[in-house]
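The residues making up each chain are set out below.
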Amino acid sequence: MIEIPSDLHPDLVPLAFLLGNWAGAGVSDFPGAEQCNFGQEVSFSHDGRDFLEYVSRTWVLDSEGKKVRPLESESGYWRIDKDRKVEVVMSRDQGVIEIWYGELAHQKPQIDLVTDAVARTAASGPYSGGKRLYGYVNSDLMWVGEKATPEVELRPYMSAHLKKVVTPEEVEEMAKKLGDLPDDGIAFFK
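Residues numbered from 1 in each chain as written. Predicted model: local features only at pLDDT ≥ 70, side-chain atom pairs only at ≥ 80, totals over all residues. Heavy atoms only, no water.

J.: Help me understand the pairing of strand β9 (residues 140-148) in this model?
T.: Strand residues, when the strand is regular, have side chains that alternate between the two faces of the sheet. As paired elements, strand β8 (residues 129-137) and β9 share nine bridges and run antiparallel to each other. The residue bridging Gly135 from the neighbouring strand is Met142, located in β9. Here β8 folds back onto β9 in antiparallel fashion, the turn holding two residues, of which Asn138 has a positive phi close to 50°. Pairing of β9 with strand β10 (residues 155-165) involves seven bridges; the strand directions are antiparallel. (Pairing = 2+ DSSP bridges. Helix = DSSP H or I, 4+ residues; strand = E, 2+ residues; numbered from the N terminus.)

Have a look at this one:
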């Protein structure tokens, strides 16, 4: 279920499905880079202004699903206008700053984005642009990213399946909303 916080800026209501902390795993595969499974933590938060703050961290996983080392991280800000057009400003640890534009699909929680501008530091690897698709499917957040370099045409390079993470504070809030439960707990399910 998607909850809309009372202090969420009204313009951001269509993006409310993104809010929260997410964690999961995915795959990374791009020519010239290590093919691997990765773990990911993502956070979408707000402070009442007209944007969502975004932070993502990924790490390489070994064959047993244990963390090996950091893979990449990024952070940025997401906005949406009255016509469902989405804009994202993102900074990546590899020395890349991106501006993404796209839109929220009609009547479904799905966002298609494409880079409009890319700025790179001298230390960053080759990169000329990308596409991303984010979707809220059966209460999970899924995404796939495509990437292009001067040597490699646009192609998928990362995708992940993320589950909502419930913090201890959120558990407390949920418990308060439940009220009194019967002692045996069985009546709750009737």
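J.: I tried to follow the confidence of the model for the protein on my own but got confused; where do I start?
T.: Segments scoring low in pLDDT should not have their predicted coordinates read at a detailed level. Of all residues in the protein, 88% attain a pLDDT of 70 or more, and the chain-wide mean is 90. Counting contacts from residues 184-190, a segment whose pLDDT is below 50, to residues more than four positions away or on other chains yields four contacts. (pLDDT = per-residue confidence, 0-100. Contact = heavy atoms within 4.5 Å.)

J.: Please explain the sheet that holds strand β7 (residues 110-120) as it appears in this structure.
T.: The strands making up a sheet are joined through hydrogen bonds of the backbone, oriented either antiparallel or parallel. Taken together, ten strands build a closed barrel; the order of strands is β1-β2-β3-β4-β5-β6-β7-β8-β9-β10 and the barrel is antiparallel. This sheet shows a mean twist of 25° between the axes of neighbouring strands, independent of strand direction. Of the pairings in the sheet, the one linking strand β3 (residues 52-61) to strand β4 (residues 67-80) comprises nine bridges and is antiparallel in character. Bridge pairing in β4 links Tyr54 to Gly76. (Axes fitted to C-alpha atoms, helices over the stretch in contact; angles between N-to-C directions.)

J.: Would you mind going over the pattern of salt bridges with me for this structure?
T.: Close approach of charged atoms allows side chains with opposite charge to pair. The tally for this structure, following the rule as stated, stands at twelve salt bridges. With a shortest N-O distance of 2.7 Å, Arg132 and Glu74 are connected by a salt bridge. With Arg132 in strand β8 and Glu74 in strand β4, this residue pair connects regions lying 58 residues apart in the sequence. Since its relative accessible area comes to 7%, Glu74 is described here as buried. Members of the salt-bridge network, linked through shared partners, are Glu72, Glu74, Arg92, Glu98 and Arg132. (Salt bridge = Lys/Arg side-chain N within 4 Å of Asp/Glu carboxyl O. Buried < 20%, exposed > 50% of the residue type's maximum accessible area, 1.4 Å probe, protein only.)

J.: Looking at this structure, I do not really get the side chain of Ser124. What am I missing?
T.: The residue Ser124 is located in the loop between β7 and β8 in this model. Overall, Ser124 belongs to the buried group, its relative accessible area being 9%. Only 3.3 Å separates the side chain of Ser124 from the side chain of Arg120, close enough to count as a polar contact. (Polar contact = N/O pair within 3.5 Å; in protein donor to acceptor, adjacent residues only side chain to side chain.)

J.: What's the story with the environment of Gly20 in this structure? I'm lost.
T.: Tracing the chain through its elements places Gly20 in strand β1 (residues 20-28). We classify Gly20 as buried; its relative accessible area is 16%. Distance from Gly20 to Tyr54, taken between C-alpha atoms, is 9.9 Å for residues 34 residues apart in sequence. Discounting residues that sit within four places of it in the chain, Gly20 has contacts with Val42, Ser43, Phe44 and Lys164.

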